[in-house]
Amino acid sequence: MSDVPRVIEIERLAYPSTWPPSAYRKELQDNRWAHYIVLRDKHILEEQSAVPSESEKARKNRPFPLSLLPSRPAALAPSPDLASIVGFAGLWLMVDESHVTTIATHPGHRGLGLGEFLLVSLIDISYNIGAKWVTLEVRVSNHTAQNLYRKYGFREAGVRHRYYSDNQEDAIIMWTDEINSASYKQKFLELKATLLQKLEG
């Protein structure tokens, strides 16, 4: 729940239309079929954690008796934990199908393979929760995302007309083959290994 403000911030930067904050809270609290993850940049976390906050500085300079009193948290900057979030993704399990609900990365961290890493993480979750297929919708104009999905075995299966409320754009419905098939699993593991090698390099 504490990650929601940063998730909303990234979503607003990434997409023209966004979910209301209450939607994420409802997803996390009430939807037992929902699975959401955040991606943290450990370098941001380490850098920000190394710099003492204003409240920490004030606490260190207080006389002894006052240091025992609780202090109000400073609202000047996001905590290192929140600032380190650079992307998020989610899915719903519907019987034996994983429906990807969202994938977003901060605009300042695009082109690094992080969106692909989030997709791989959702497919991994799909294996862990017993899904047989993965499906999603993507804007007809979002060729970059479509190419990524095709790379991971998604195929076009139809169109949802006027699906996006901000501009009435159509959505392409995409599905994988059965993810437990030997051919899909082998290809997925190869792609995942290549991606992890790239991200670690």
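Preceding block: the structure.
The structure presented is a predicted model; accordingly, all values stated were derived computationally and were not measured.

Calculation rules
- Residues numbered from 1 in each chain as written.
- Predicted model: local features only at pLDDT ≥ 70, side-chain atom pairs only at ≥ 80, totals over all residues.
- Heavy atoms only, no water.
- Salt bridge = Lys/Arg side-chain N within 4 Å of Asp/Glu carboxyl O.
- Helix = DSSP H or I, 4+ residues; strand = E, 2+ residues; numbered from the N terminus.
- Buried < 20%, exposed > 50% of the residue type's maximum accessible area, 1.4 Å probe, protein only.
- Pairing = 2+ DSSP bridges.
- Axes fitted to C-alpha atoms, helices over the stretch in contact; angles between N-to-C directions.
- Contact = heavy atoms within 4.5 Å.
- Phe/Tyr/Trp six-rings, centres within 6.5 Å; stacked < 30°, edge-to-face > 60°.
- Lys NZ or Arg CZ within 6 Å of the ring centre and 35° of its normal.

Engineer: Which residues make up the pattern of salt bridges, and what are the values?
Structural biologist: Applying the stated criterion across every chain yields a total of ten salt bridges. Put simply, Arg40 and Asp3 hold a salt bridge, and the shortest N to O gap is 3.2 Å. Here Arg40 is found in strand E1 (residues 34–40), whereas its partner Asp3 is found in the segment before helix H1 (4–14), with 37 residues between them in sequence. Under the relative-accessibility criterion, Arg40 is labelled partly exposed at 31%. Arg160 is the salt-bridge partner of Glu137, the closest N and O atoms lying 2.9 Å from each other. With a gap of 23 residues between them, Glu137 in strand E4 (residues 133–139) and Arg160 in strand E5 (residues 155–160) connect regions that are remote in the sequence. With relative accessibility at 36%, the residue Arg160 sits in the partly exposed group.

Engineer: Describe the sheet that holds E5, with residues and values.
Structural biologist: Sheet architecture is open: six strands sit in the order E1-E2-E3-E4-E6-E5, paired in mixed fashion. The two strands at the open ends of the sheet, each matched to only one other strand, are E1 and E5. When the angles between neighbouring strand axes are averaged without regard to direction, this sheet yields 25 degrees. In this fold helix H2 (residues 21–30) packs onto E1, strand E2 (85–94) and strand E3 (97–105), with an angle of close to 115 degrees to the strand it touches most, E1.

Engineer: Tell me about the pairing of strand E6 (residues 171–175), residues and numbers included.
Structural biologist: Counted residue by residue, E6 has four buried out of five residues, so it is predominantly covered. Alignment of E4 against E6, held across five bridges, turns out to be antiparallel. Residue pairing in the sheet places Arg139 in a bridge with Ala171 of E6. In this structure, E5 lies alongside E6, joined through five bridges in antiparallel fashion. The residue of E6 that forms the bridge with Arg160 is Ala171.

Engineer: If you had to explain the packing of aromatic side chains to someone new, which residues and values would you point to?
Structural biologist: This model, assessed by the stated rule, comprises eight aromatic pairs. Summarising the aromatic geometry, the rings of Tyr127 and Phe188 are spaced 5.7 Å apart at their centres and angled 45 degrees between planes, so their arrangement reads as tilted. Taken together, the residues Tyr127 in helix H6 (residues 114–128) and Phe188 in helix H8 (residues 182–200) connect sequence positions 61 residues apart. We note that Tyr127, like Phe188, is buried. Here the aromatic rings of Tyr149 and Phe154 are separated by 5.7 Å at their centres, their planes lie at 55 degrees, and the arrangement is tilted. Given a relative accessible area of 10%, Tyr149 falls into the buried group. Through successive ring pairs, a cluster of aromatic residues spans Trp19, Tyr24, Tyr36 and Phe88. Lying across the ring of Tyr164, Arg139 places its NZ or CZ 4.1 Å from the centre.

Function-wise, these values are silent; they only describe arrangement.
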